Amino acid sequence: MDLNLKATELSLALPGTDDLPEIKTTTTTTSNQIKTNKRSSPDIDASVTDESRSAPTPKAQVVGWPPVRSYRKNILQGKKVEPEMGSGMFVKVSMDGAPYLRKIDLKVYKSYGELMKSLEEMFACMIGLYSENDGYKGSKHAATYEDKDGDWMLVGDVPWEMFVTSCKRLRIMKGCDARGLDL
Amino acid sequence: MSEDVGTSTCKPKTSVTGEYSVTNPDQVLENVLENVLIFLTSRRDRNAVSLVSKSWHRAEAHTRSDLFIGNCYSVAPIRVTGRFKRIRSVWLKGKPRFADFSLMPADWGAHFTPWAHAMAGAYRALEKICLKRMTVTNDDLGIIARSFLNFKEIVLVCCDGFGARGIGVIASECRNLRVLELNEDEVLDEEFDWISCFPMEGTSNLESLCFDCVESSVNFDALERLVARSPLLKKLRLNRHVSIGQLYRLALRAPQLTDLGTGSFSLPEVIGQQQDENLELDYGHAFAACRSIICLSGFRDLAPEYLPAIYPVCANLTSLNLSYANIDAQQLKAVIRHCHKLRVFWTLDSICDEGLQAVADTCKDLRELRVFPIDASENAEGPVSEVGLLAISLGCRKLESILYFCQQMTNAAVIAMSKNCPDLVVFRLCIIGRYRPDRFTGEPMDEGFGAIVKNCKKLTRLAVSGLLTDRAFSYIGQYGNLVRTLSVAFAADGDTGLKYVLEGCTNLQKLEIRDSPFGDSGLLSGLHHFYNMRFVWLSSCRVTKQGCLEVARRLPKLVVEVFRRDEEEGGERGDFVNTLYMYRSLDGPRADAPQFVKIL
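Residues numbered from 1 in each chain as written. Chains lettered and ligands numbered in written order. Predicted model: local features only at pLDDT ≥ 70, side-chain atom pairs only at ≥ 80, totals over all residues. Heavy atoms only, no water.

> An account of the overall build of chain A is needed here, citing residue identities and associated values.
Looking only at helices and strands, chain A features 4 helices and 5 strands. Along chain A, helices (α) and strands (β) appear in the sequence α-β-β-α-β-β-α-β-α when read from the amino end. Partitioning the contacts of chain A with sequence separation of at least 6, the portion at a separation of at least 24 is 41%. Total accessible area on chain A stands at roughly 10700 Å², and carbon and sulfur atoms take up 55% of it. (Helix = DSSP H or I, 4+ residues; strand = E, 2+ residues; numbered from the N terminus. Contact = heavy atoms within 4.5 Å. Areas by Shrake-Rupley, 256 points an atom, 1.4 Å probe, with all protein chains shown as cover.)

> An account of the packing of aromatic side chains is needed here, citing residue identities and associated values.
According to the stated counting rule, one finds 25 aromatic pairs over all chains in the structure shown. Ring centres 5.4 Å apart and planes at 40° place the aromatic pair Trp160(A) and Phe163(A) in the tilted group. Residue Trp160(A) and its partner Phe163(A) are both found in helix 3 (residues 160-166); the two are separated by 3 residues, about one turn of the helix. The pair formed by Trp160(A) and Phe163(A) is uniform in burial state, with each residue classed as buried. An aromatic cluster is present here, built from Tyr73(B), Phe98(B), Phe101(B), Trp108(B), Phe535(B), Trp537(B), Phe563(B), Tyr581(B) and Tyr583(B) joined pairwise through their rings. Over the face of the ring belonging to Tyr475(B) we find Lys454(B), whose NZ or CZ atom lies 5.1 Å from the ring centre. (Phe/Tyr/Trp six-rings, centres within 6.5 Å; stacked < 30°, edge-to-face > 60°. Buried < 20%, exposed > 50% of the residue type's maximum accessible area, 1.4 Å probe, protein only. Lys NZ or Arg CZ within 6 Å of the ring centre and 35° of its normal.)

> Please provide a residue-by-residue account of the packing of helix 13 (residues 329-336) of chain B against helix 14 (residues 352-362) of chain B, values included.
Residue and element names in this part refer to chain B. Packing of helix 13 against helix 14 brings their axes to within 8 Å, and their N-to-C directions diverge by 10°. Classified by the angle their axes make, helix 13 and helix 14 are roughly parallel. Counted together, Ala-329, Gln-330, Leu-332, Lys-333 and Ile-336 of helix 13 and Glu-354, Gly-355, Ala-358, Val-359 and Thr-362 of helix 14 form the full contact between these two elements. Looking at the contact of helix 13 with helix 14, its residues break down into 5 nonpolar, 3 polar and 2 charged. (Axes fitted to C-alpha atoms, helices over the stretch in contact; angles between N-to-C directions. Parallel < 35°, antiparallel > 145°, perpendicular 65-115°, else oblique. Nonpolar A, V, L, I, M, F, W, Y, C, P; charged D, E, K, R; others polar.)

> Account for the environment of Leu429(B), with residues named and values stated.
All names here are of chain B. Along the chain, Leu-429 turns up in strand 16 (residues 426-431). Relative accessible area serves as the criterion here: at 2%, Leu-429 is assigned to the buried category. Sequence separation between Leu-429 and Ser-350 is 79 residues, and the spatial gap between their C-alpha atoms is 17 Å. Non-local contacts of Leu-429, meaning those with residues more than four positions away in its chain, are made with Tyr-404, Cys-406, Met-409, Val-414, Phe-449, Ala-463, Val-464 and Ser-465.

> Tell me about the sheet that holds strand 1 (residues 90-95) of chain A, residues and numbers included.
Residues and elements named next belong to chain A. Pairing is mixed across the open sheet formed by 5 strands, whose spatial order is 2-1-5-3-4. Looking at which strands have only one partner, the edges of the open sheet turn out to be strand 2 (102-105) and strand 4 (152-154). Sheet twist, expressed as the mean angle between neighbouring strand axes with direction ignored, is 30°. In the packing of helix 2 (residues 112-123) onto the sheet, the strands contacted are strand 1, strand 2, strand 3 (141-147) and strand 5 (167-174), and the crossing angle to strand 2 comes to about 155°. (Pairing = 2+ DSSP bridges.)

> Outline the pattern of salt bridges, listing residues and values.
Residues and elements named next belong to chain B. Taken as a whole, this structure holds 35 salt bridges over all chains when the rule is applied. Note that Arg-237 is salt-bridged to Asp-259, the shortest N-O span being 2.9 Å. Placement of Arg-237 in strand 9 (residues 235-237) and of Asp-259 in strand 10 (residues 259-261) is noted, with a sequence separation of 22 residues between them. Of the residues examined, Asp-259 reaches a relative accessible area of 9% and is grouped as buried. The salt bridge partner of Glu-354 is Lys-333, with a shortest N-O separation of 2.7 Å. Placement of the pair is Glu-354 in helix 14 and Lys-333 in helix 13, with a sequence separation of 21 residues. Accessibility expressed as a relative area gives 38% for Glu-354, which makes it partly exposed. Overall, the relative accessible area of 27% leaves Lys-333 in the partly exposed class. (Salt bridge = Lys/Arg side-chain N within 4 Å of Asp/Glu carboxyl O.)

Written out as structure tokens, the structure is:
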């Protein structure tokens with residue numbers, strides 16, 4: 001009979017988490033098995049490593065739990081991502097003169113170069129990267145973006161990471177209009 | 001057999017010796033029987049009839065037209081086609097439900113191909129095929145399309161393996177097609193315009209077209225033309241590539257619709273003038289034109305400002321599925337207050353307890369409620385709780401079926417529901433946080449589930465969750481004699497729980513258990529009952545190979561499969577078997593088991 005020391009153990013975990021007493025620990029431990037109060041090894045993805053007593057329940061992704069069909073999960077996950085426009089993930093891209101907008105996921109790109117290339121392909125036009133010396137190298141369009149404060153900025157000024165988190169939407173302007181944004 | 005069975009054809013002749021003789025008594029009997037049995041539609045009745053005697057067995061086999069096979073591996077196709085000669089409709093189920101939650105390795109089985117071939121030869125007059133959780137290929141669909149001249153209905157639920165090309169073949173070859181329903185299938189991404197495969201001339205017989213799970217865009221013009229030529233079309237479920245503006249056009253073409261699955265309930269982005277024009281369209285008008293709509297679903301990518309468009313039909317709705325729409329309590333209230341006749345309601349928990357209260361206030365006739373989690377992680381803030389459950393139990397007294405996801409629950413609320421809703425047939429409560437006890441008392445959820453089995457005398461399906469001890473299972477075993485399906489996850493203390501269930505639930509058909517401490521001794525306590533069941537699933541429990549071997553040895557007609565989810569051979573993880581899936585079969589172990597599945 002287990003002494004059930006866990007019942008009297010002090011921990012910093014919130015009530016109602018996995019660390020509750022009453023359940024005996026498992027007898028067989030392998031290197032893969034998580035030593036929590038689960039008796040057999042549930043299917044836990046490799047993202048969970050060790051647990052510490054005082055930490056709250058690990059955010060383990062237990063396979064197939066809760067029992068929501070992946071079909072449904074995918075649809076809802078897609079929706080969770082999109083409204084987060086403020087953190088610069090999916091943003092709308094418009095181009096002056098084009099009747100339809102597009103939407104792109106900024107997280108997919110790792111640099112301005114990649115982004116520009118993709119935009120070029122999408123809108124089949126030449127957009128040059130702005131640089132201090134040359135302005136827009138003779139291109140007809142300029143990429144601008146609306147930032148968190150609602151201001152329209154020229155793409156390329158700030159470091160890429162900062163851009164991704166602050167960009168709310170993109171607009172590809174005609175080159176002649178963009179010059180007005182020079183500070 | 002009493003002499004009273006005689007009819008006018010059975011005139012006894014008195015011979016010289018005074019004996020009666022009747023010509024071909026068996027034939028007469030069979031003729032009579034066949035004429036009577038045609039009226040028998042219930043599966044259970046038919047099964048009972050077929051057991052009476054050989055001639056009844058034959059007569060029944062001749063007159064059965066609807067075939068239902070709950071586990072495609074329980075019988076070989078050739079045995080089926082050998083016994084039943086005049087089948088018109090087939091309902092076939094493959095993988096067990098836990099396959100939906102990635103607990104089954106891909107390529108495990110449940111292939112429709114052997115069935116397609118067998119039926120193509122034997123059932124020329126086949127009209128209807130329904131498949132659930134089976135792998136169906138485009139070639140299989142081709143076989144269906146070409147083998148059955150009078151083919152009318154195909155319904156695929158949670159199936160995979162086919163794509164737009166296969167759908168296209170059905171559309172083009174099956175001239176009498178009435179029903180084409182694709183329900184939560186995984187459809188292969190094939191760039192193929194299947195909608196255009198429907199004959200584009202003449203009136204179509206189409207009554208039902210559901211393709212909400214098809215992820216690729218459809219040729220809208222072809223769809224519109226098809227709808228326009230289908231005066232019998234009652235059920236139409238669109239996918240998310242159909243915008244609200246396009247829906248508007250379709251609704252005007254099909255005012256006779258009774259069941260509508262909207263596509264994406266929002267506009268594609270269009271800047272400039274076109275956008276303003278679209279905004280001026282009166283979507284309410286389109287819905288008002290469809291006076292017969294009683295079932296509404298879809299609402300993918302919902303733009304909430306368009307929700308008021310459905311008000312004109314709300315008063316007549318008996319079924320509403322908003323489970324893909326992230327709306328809050330206020331937005332829901334505006335809709336639900338019109339829905340007095342609602343019987344079926346599916347929603348996301350984004351509506352919160354407040355939204356559920358609104359449902360309870362209005363939907364007095366509600367029979368089925370499903371509340372899905374918008375955030376499936378374990379430590380998320382739960383927008384619904386025992387408050388919502390209690391409200392529903394007080395407002396919707398006729399409730400028969402509930403599926404409720406939440407983070408926290410109390411025994412009191414569950415007990416209240418057991419008393420307020422005595423008609424419950426299906427009770428599925430999923431407390432997402434594993435091992436969660438009663439939120440206020442800290443006790444296990446035993447009493448709550450115990451009350452459900454005790455008080456809901458019609459209960460046939462139960463799913464349990466939260467912190468549970470053996471006591472809960474003793475209740476289930478004691479009171480759950482009508483329970484046919486039981487789902488258990490992360491529960492109990494030890495073997496006794498399983499023992500209680502297997503010994504007590506005499507009608508148990510489907511048992512699915514994961515991550516619970518049930519071992520060999522519990523497993524073996526069910527030997528007397530396994531032949532009566534459709535299947536038993538035990539994954540990440542504590543059964544060993546020895547235990548499984550013992551079962552296989554004692555029950556030779558049971559197919560005992562052992563495998564690992566990650567397809568490693570051997571099926572074991574440490575000392576225990578990873579997944580045990582067993583079912584009775586008339587034809588022994590299946591021939592198509594992949595390498596990693598071990599059949600003991």
